[in-house]
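Geometric and topological summary
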Amino acid sequence: MPQQQIDINQLNQAKANVTLTQTLLSQAIEKSSSDPTLAQEAIKQAAQEIAQAQSSVNQVYSAVQTPQAE
């Protein structure tokens, strides 16, 4: 059975989403006292980035789990 190719671009996209999530959550923490509205928006954006990262990882995972025809 041939080995399935891993889509590095998808994984790099997931990594970028996670990095952006970290930045957004740090911003939310910093602004939580002074600007709760901005903090809330940063949390919403972080949640979207997490969802996109999960989608990218799931696509790669599905691709490597799918048996390939020989």
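Residues numbered from 1 in each chain as written. Predicted model: local features only at pLDDT ≥ 70, side-chain atom pairs only at ≥ 80, totals over all residues. Heavy atoms only, no water.

Some points on helix H1 (residues 8-31)
Here is the rule: Only DSSP runs of H or I with at least four residues qualify as helices, and only runs of E with at least two residues qualify as strands; both kinds are numbered from the N terminus onward. Here the expected span of a helix is defined as 1.5 Å times the quantity of residues minus one. Here's how the labels work: a residue is buried when its accessible area is under 20% of the maximum for its type, exposed when over 50%, partly exposed in between, all with a 1.4 Å probe on protein chains only. Any two residues having at least one pair of non-hydrogen atoms within 4.5 Å are treated as being in contact. Polar contacts here mean pairs of N or O atoms no more than 3.5 Å apart (in protein, one a potential hydrogen donor and the other a potential acceptor; neighbouring residues in sequence count only if both atoms are side-chain atoms).
Its 24 residues give H1 an end-to-end C-alpha distance of 34 Å, which sits within 8% of 34 Å, the value for a rise of 1.5 Å per residue. Inspection of H1 places Ala14, Asn17, Thr21, Leu24 and Ala28 among the buried residues, and these make up the whole buried set. Buried positions along H1 lie against helix H2 (36-65). Looking at where H1 begins, the residue whose side-chain oxygen comes 3.0 Å from the main-chain nitrogen of asparagine 9 is aspartate 7.

Topic: the environment of lysine 15
In this structure, lysine 15 sits in helix H1. Classification of lysine 15 by relative accessible area gives exposed; the value is 58%. Spatially, the C-alpha atoms of lysine 15 and serine 56 are 9.4 Å apart, while their sequence positions differ by 41 residues.

Structural notes on the nonpolar core
General note: in soluble globular proteins, nonpolar side chains tend to be found buried as a group. We count it as follows: To define a nonpolar core, start from buried Ala, Val, Leu, Ile, Met, Phe, Trp, Tyr and Cys residues and group those joined through side-chain atoms within 4.5 Å.
One finds Leu24, Ala28, Ala39, Ala42 and Ala46 forming the largest nonpolar core, which totals 5 residues. Within the residue set of this core, elements represented by two or more residues are H1 and H2. Non-local contacts of alanine 42, meaning those with residues more than four positions away in its chain, are made with Leu24, Gln27 and Ala28.

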